[in-house]
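Geometric and topological summary
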Amino acid sequence: RWRLFNEKALEDLAGLENAHTVLYEDLCEAPVEAYRKLFEFAGLPWHPQTEAFVSQSTQNERTAYFSVFKDPKRAAWSWREKLSAEDQQRVMATVADSPAGELYQPSPSTTGDRF
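The rules behind each value
- Numbers given for residues are sequential positions, taken from 1 along each chain in its written order.
- The predicted nature of this model means local features are confined to residues of pLDDT at least 70 and side-chain atom pairs, given and counted, to a pLDDT of 80 or more, with totals for whole chains, interfaces and linings taken over all residues.
- To obtain the side-chain values, all non-hydrogen atoms of the structure were used and water was disregarded.
- Secondary structure follows DSSP: runs of H or I at least 4 residues long count as helices, runs of E at least 2 residues long count as strands, and numbering of each begins at the N terminus.
- Should any heavy atoms of two residues lie within 4.5 Å, those residues are considered in contact.
- Basic side-chain nitrogens of Lys or Arg form a salt bridge, by our definition, when they fall within 4 Å of a carboxyl oxygen of Asp or Glu.
- Three exposure classes are used, based on accessible area relative to the maximum for each residue type with a 1.4 Å probe and protein chains only: buried under 20%, partly exposed in between, and exposed over 50%.

Moving on, we get to the side chain of Ser 57. By the element assignment, Ser 57 lies in helix 4 (residues 48–59). For Ser 57, the contacting residues outside a window of four places in its chain are Val 68, Phe 69 and Lys 70.

Now the structure itself:
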């Protein structure tokens, strides 16, 4: 399903100047920097209150299921603890050759910043 949904989304957004592909893991790795870049892309002002909220909500964790206060790195990578190594390999093999899966492959021409 992940492959199907993401391939369709990438296809629908291809060539649109008002669309920007963002990887969830990039948002989780450096939330303030990633969101600042998204605000810039959208032409929105970056307010100190916004930065404070993003910082506070990603540096504190609350156990409520729908809480926005979560450790983003733990949220992004928890599948590594929940899925067996065999299941992880099966998933990776299924998505590796898809356009969406290729977004997760390092490119020799990138420096790690996918924005």
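More follows now that the structure is in view.
The next thing to look at is the pattern of salt bridges. Side chains bearing opposite charge may pair, as long as their charged atoms lie close to each other. Considering all chains together, one arrives at 7 salt bridges under this definition. Here Arg 3 ties to Asp 97 by a salt bridge, and the two come within 2.9 Å at their closest N and O atoms. Of this pair, Arg 3 sits in helix 1 (residues 2–13) while Asp 97 is found in the loop between helix 7 (85–95) and helix 8 (99–102), placing the two residues 94 residues apart along the sequence. Residue classification places Arg 3 among the partly exposed residues on the basis of a relative accessible area of 26%. Overall, Asp 97 belongs to the exposed group, its relative accessible area being 53%. Members of the salt-bridge network, linked through shared partners, are Arg 3, Glu 7 and Asp 97.

Limitation: the analysis is restricted to geometry and does not speak to function.
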